[in-house]
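The primary structure of each chain is shown beneath.
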Amino acid sequence: MKIVVIGGTGLIGAKLVTILGEQGHEMVAAAPNTGVDALTGDGLAEALAGASVVIDVSNSPSFEDHAVMRFFETSTRRLLAAGSDAGVTHHVALSVVGTERLPESGYFRAKLAQEQLIEKSSIQYSIVHATQFFEFVGSIADAATVGGTVRAAPVLFQPIAGDDVARAVARIATGSPLNGHVAIAGPERFRMDEFLREALAARHDRRAVVTDPDARYFGAGLSEGTLVPGTDAILGEIRYRDWPGRPVAGG
């Protein structure tokens, strides 16, 4: 079948295009650099023509509160309208574990708004809540850096490899619509402060990681289980110590 991946040239999108293409599906990698812009609507109708499934793994270029809300609300409305016109039968969106638990965060509020638009649409859907990606550890540390020091709360943290995310989303996209949510996470739980301390040391990053229960995460305070899923989550197979992208301390 024809599957359109919005954000199809990004980290997860490119993996999805490869995985599903190898399964024999007709793939469209839709992104501004391929002439398809979900925010403006440019190229959407042409890209979605004849598509059965749309997978939205796009992300906002800005995490500023107003900008990120505008991105997810506008692009999702355009995608749903174009999908309805094209006869799309399954709309899949990649979201984040904890969207409903972090209203202080502008980014999480925007992702929740995206989910609500999808739930209210006439298209059958599946929403995949993922934990943080191994690939984004550096960005998480950067966002937590204050005055050259990384301040991290000692809360539960269950990151996942991008390859595991893509495989899970591909399976869900080619199955029956859930008309609900499913969570995916890595196979191991850590404490966020300890994980960041080890990961940065392996990268030869000299920033100190200070354990701070009041540290903010993208503008929001965290409690013990805010960032981890329930016991019914789908778990990835790749452990952080085995992840090919993990720097080796001393290497």
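One can find the structure itself at the top, above this paragraph.
Parameters at a glance
- Residues numbered from 1 in each chain as written.
- Predicted model: local features only at pLDDT ≥ 70, side-chain atom pairs only at ≥ 80, totals over all residues.
- Heavy atoms only, no water.
- Helix = DSSP H or I, 4+ residues; strand = E, 2+ residues; numbered from the N terminus.
- Buried < 20%, exposed > 50% of the residue type's maximum accessible area, 1.4 Å probe, protein only.
- Contact = heavy atoms within 4.5 Å.
- Areas by Shrake-Rupley, 256 points an atom, 1.4 Å probe, with all protein chains shown as cover.
- Lys, Arg positive; Asp, Glu negative; His and termini not counted.
- Charge placed at Lys NZ, Arg CZ, Asp CG, Glu CD.
- Pairing = 2+ DSSP bridges.
- Axes fitted to C-alpha atoms, helices over the stretch in contact; angles between N-to-C directions.
- Salt bridge = Lys/Arg side-chain N within 4 Å of Asp/Glu carboxyl O.
- Right-handed = clockwise from strand over helix to strand, strands pointing away.

Where do I start with the overall build of the protein chain in this structure?
Within the protein chain one finds 7 helices and 14 strands. On the principal axes, the C-alpha backbone points of the protein chain span a range of 50 × 35 × 35 Å. For the protein chain, buried positions account for 49% of its 251 residues. Of the contacts made within the protein chain by residues no fewer than 6 positions apart, 81% connect residues no fewer than 24 positions apart. Approximately 11000 Å² of the protein chain is accessible, and the part contributed by carbon and sulfur atoms is 50%. Here the protein chain contributes 22 positive and 29 negative side-chain charges, whose respective centroids are spaced 3 Å apart.

What am I meant to see in the sheet that holds strand β3 (residues 53–56) here?
Pairing is parallel in the open sheet, where 7 strands are placed in the order β2-β1-β3-β4-β5-β9-β14. The open sheet has two edge strands, β2 (26–30) and β14 (234–235), and neither has a second partner. Sheet topology note: the strand β1 (residues 2–6)/β3 ladder contains 4 bridges and is parallel. Its bridge partner lying in β3, Val4 is registered against Val54. Each of β3, β4 (90–96), β5 (125–130) and β9 (180–185) is contacted by helix α4 (residues 106–120), which is oriented at about 160 degrees to β4, the strand it contacts most.

In this structure, what is going on with the sheet that holds strand β11 (residues 209–211)? I would like to understand it.
Within a sheet, neighbouring strands are paired by backbone hydrogen bonds and run either parallel or antiparallel to one another. If you walk across this open sheet you meet the 3 strands as β6-β7-β11, and the pairing is mixed. Looking along the sheet, the strands with just one partner apiece sit at the ends: β6 (145–146) and β11. Against the sheet, helix α7 (residues 192–202) contacts β7 (149–152) and β11, and its axis sits at roughly 165 degrees relative to β11.

Even after reading the chapter, I still don't get unusual backbone geometry, so can you show me in this structure?
Note: most peptide bonds trans; most residues except glycine with negative phi. The phi angle at Asn179 is positive, at roughly 50 degrees, despite the residue not being glycine. The residue Asn179 is located in the loop between α6 (162–173) and β9 in this model. The backbone of Phe218 shows a phi angle near 45 degrees, a positive value even though the residue is not glycine. Summarising the element assignment, Phe218 is placed in the loop between β12 (216–217) and β13 (220–221). Take Phe218: its relative accessible area is 30%, and that puts it in the partly exposed class.

Sorry if this is basic, but what is going on with the pattern of salt bridges here?
Within this structure, the stated rule accounts for 12 salt bridges. Among the ionic pairs, Asp164 bridges to Arg167, the shortest N-O distance being 2.8 Å. Of this pair, Asp164 and Arg167 both sit in helix α6, 3 residues apart, roughly one helical turn. Under the relative-accessibility criterion, Asp164 is labelled buried at 6%. For Arg241, the salt bridge goes to Glu188, with nearest N and O atoms at 3.2 Å. Taken together, the residues span a long stretch of sequence, with Arg241 in the segment after β14 and Glu188 in the loop between β9 and β10 (190–191) at a distance of 53 residues. Since its relative accessible area comes to 53%, Arg241 is described here as exposed. Within the structure, one salt-bridge network assembled from shared partners comprises Asp142, Asp205 and Arg207.

What is the right way to look at the pairing of β3 in this model?
Sheet faces and side chains relate simply in a regular strand, where the side chains alternate between the two faces. Because side chains alternate across β3, one face comprises the buried residues Val53 and Ile55, and the other comprises Val54 and Asp56, equally buried. Bridge count for β3 against β4 is 4 bridges, and the pairing is parallel. Its bridge partner being in β4, Val53 is matched across the sheet by His90. Taken together, β3, helix α3 (residues 65–86) and β4 constitute a β-α-β crossover, and its handedness is right-handed.

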